[in-house]
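Observations on the model geometry
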Amino acid sequence: MSAVSDRLPTFPWDKLDPYKKTAAAHPDGIVDLSVGTPVDPVPELIQKALTEAADSPGYPTVWGTPALRDAITGWLERRLGARHLTHRHVLPVVGSKELVAWLPTQLGLGPGDKVAYPRLAYPTYEVGARLARAAYEVYDDPRDLDPAGLRLLWLNSPSNPTGKVLPKEDLTAIVAWAREHGVLLVSDECYLELGWEADPVSVLHPDVNNGSYDGIVAVHSLSKRSNLAGYRAAFIAGDPAVLGPLLEIRKHGGMMTSAPTQAAVVAALGDDEHVRVQRERYAARREVLRAALLGHGFRIEHSEASLYLWATRDESCWDTVAHLADRGVLVAPGDFYGEAGKNFVRVALTATDERIRAAVSRLAA
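Everything in this summary refers to the structure shown in the same document. Keep in mind that this is a model prediction, so the values were computed, not measured. (Residues numbered from 1 in each chain as written. Predicted model: local features only at pLDDT ≥ 70, side-chain atom pairs only at ≥ 80, totals over all residues. Heavy atoms only, no water.)

1. Examining unusual backbone geometry
- The step from Ser 157 to Pro 158 runs through a cis peptide bond, and the omega angle for that step is 0 degrees.
- Mapped onto the fold, Pro 158 is located in the loop between strand E5 (150–156) and helix H7 (168–180).
- A positive phi angle is found at Arg 232, which is not glycine, with a value near 55 degrees.
- With respect to the helices, strands and loops of the structure, Arg 232 is situated in the loop between strand E7 (216–221) and strand E8 (234–238).
- For Asp 314, which is not a glycine, the phi torsion comes out positive at approximately 55 degrees.
- Relative to the elements of secondary structure, Asp 314 occurs in the loop between strand E10 (308–312) and helix H12 (317–325). (Helix = DSSP H or I, 4+ residues; strand = E, 2+ residues; numbered from the N terminus.)

The structure is reproduced here in structure tokens:
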């Protein structure tokens with residue numbers, strides 16, 4: 001067991017525990033803007049679909065029900081502009097983090113192979129490479145990478161943690177570069193429905209992929225857009241030549257989404273209104289929190305999309321974490337996401353309106 005765990009870095013969130021205790025000691029309680037876990041209710045129509053499917057004594061299938069695959073392909077075409085999708089182009093997964101962590105292993109990557117991801121990035125990209133014992137490399141522009149040995153290229157737009165959005169022109173050029181060099185491109189698009197000052201585009205859009213899904217896969221999650229983090233509901237879409245073998249591997253591994261969750265996802269993807277309502281909640285929280293941070297002496301970079309504000313006081317991120325913890329506000333240090341984040345903090349919008357107001361008041365004091 002230790003041979004596997006020894007490949008992994010220290011779990012970053014454990015380092016926040018002392019600061020969390022400090023913030024929790026505030027007389028008015030903690031405002032936790034660190035992890036970014038949804039706090040608003042699961043929409044009623046989704047809860048209803050889950051409840052109605054509760055009597056599910058049999059095993060679900062890894063590929064999902066036909067209704068689920070119809071819901072996924074329908075949403076991808078309606079919302080992202082994808083074209084000519086079939087059931088072979090989609091695959092449900094047990095939350096996107098599971099997929100990110102195990103994808104290099106399931107692709108058969110190992111020593112001698114290389115995984116690349118953005119210089120500022122979700123830490124699980126590195127974890128996935130380590131689990132597979134593959135090499136890993138960060139980039140500013142993936143087209144500057146040496147393609148020799150590069151088997152998996154991660155994109156993330158909108159970015160976690162920065163909220164940066166890649167323009168359509170850049171996405172198109174990167175897709176072409178990856179195809180030219182035979183590199184599988186996987187685009188993490190879990191925050192795509194949360195664009196504020198930009199309109200994020202998927203690699204599944206025909207303007208980006210030239211009408212072909214060869215060599216590309218997109219990752220999508222319902223955790224943020226539908227408040228379903230507790231359901232572990234996500235899916236991937238793209239090249240059937242990649243998804244087909246993954247399906248077979250995941251069947252052997254029993255990586256199946258529960259039947260009630262599959263029914264809930266069908267309901268969630270079929271309804272755009274609850275997404276609009278949730279977007280409005282986050283937009284309002286973002287507006288007041290952004291103004292409060294700027295008023296407190298922060299500078300905010302990127303943050304044109306996603307559920308976070310990427311903020312700095314031009315000091316060590318841990319000094320900023322301590323400064324805010326003393327005010328009862330907990331945020332994520334930027335170096336969780338790479339050395340380039342050492343002077344930034346990630347501030348999540350995922351707190352109740354009341355807790356956001358508390359944070360704003362404390363920043364103004």
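2. Things to note about the nonpolar core
- Leu 33, Trp 154, Ile 236 and Leu 289 are the most contacted members of the largest nonpolar core, which totals 68 residues.
- By residue number, the principal contributor to this core is H12, which donates five residues.
- Dropping the residues within four chain positions of it, Trp 154 is found in contact with Leu 99, Val 100, Leu 103, Val 115, Ala 116, Tyr 117, Pro 118, Tyr 125, Tyr 139, Val 186 and Val 219.
- Of all hydrophobic cores here, the second largest spans 43 residues; its members include Leu 68, Leu 171, Leu 204 and Ala 233. (Core = buried A, V, L, I, M, F, W, Y, C linked by side-chain atoms within 4.5 Å. Buried < 20%, exposed > 50% of the residue type's maximum accessible area, 1.4 Å probe, protein only. Contact = heavy atoms within 4.5 Å.)

3. Notes on the pairing of E10
- The buried fraction of E10 amounts to five of the five residues, a majority that puts the element mostly inside the structure.
- What you see with E10 is no split at all: Tyr 308, Trp 310 and Thr 312 on one side and Leu 309 and Ala 311 on the other are buried throughout.
- Looking at chain direction, strand E9 (residues 299–301) and E10 are connected through three bridges and run antiparallel. Looking across to E10, one finds that Arg 299 is bridged to Thr 312.
- A loop of six residues connects E9 with E10, the two strands running antiparallel in sequence, and His 302 in this loop sits at a positive phi of about 50 degrees.
- Pairing of E10 with strand E12 (residues 345–348), which is carried by four bridges, proceeds in the antiparallel orientation. The residue of E12 that forms the bridge with Tyr 308 is Ala 348. (Pairing = 2+ DSSP bridges.)

4. Re the sheet that holds E9
- Strands sit in the order E1-E11-E12-E10-E9 across an open sheet of five strands; the sheet is mixed. For this open sheet the edge positions go to strand E1 (31–33) and E9, each flanked by a neighbour on one side alone. Strand-to-strand, the axes of this sheet are offset by a mean angle of 40 degrees, without reference to chain direction.
- Sheet contacts for H12: strand E11 (329–333) and E12; angle to E11, the most-contacted strand, approximately 170 degrees. (Axes fitted to C-alpha atoms, helices over the stretch in contact; angles between N-to-C directions.)

5. A look at the environment of His 26
- Inspection of the secondary structure puts His 26 in the loop between helix H2 (17–24) and E1.
- When its relative accessible area of 22% is taken as the criterion, His 26 is described as partly exposed.
- Setting aside its immediate chain neighbours within four residues, His 26 contacts Arg 327, Gly 328 and Arg 362.

6. Some remarks on empty space enclosed by the protein
- Enumeration over the complete set of coordinates arrives at four cavities of 30 Å³ or more.
- Its volume calculated, the largest cavity comes out at about 70 Å³.
- When the residues that make up the lining of the largest cavity are grouped by side-chain class, the tally is six nonpolar, two polar and three charged.
- Space inside the second largest cavity adds up to approximately 40 Å³.
- Contributing to the lining of the second largest cavity are Leu 68, Pro 92, Ala 233, Ala 234, Phe 235, Thr 257, Thr 261, Gln 262 and Val 265.
- Of all elements in the fold, only E8 and helix H10 (259–269) reach the threshold of two or more residues within the lining of the second largest cavity.
- Of the residues forming the lining of the second largest cavity, the biggest block, three residues, is contributed by H10.
- Residue classes in the lining of the second largest cavity are distributed as six nonpolar, three polar and no charged. (1 Å grid on protein atoms, 1.4 Å probe; cavity = no way out; pocket = protein on both sides within 12 Å on 5 of 7 lines; lining within 4 Å. Points joined across faces, edges and corners; volume = space filled by probe spheres on them. Nonpolar A, V, L, I, M, F, W, Y, C, P; charged D, E, K, R; others polar.)

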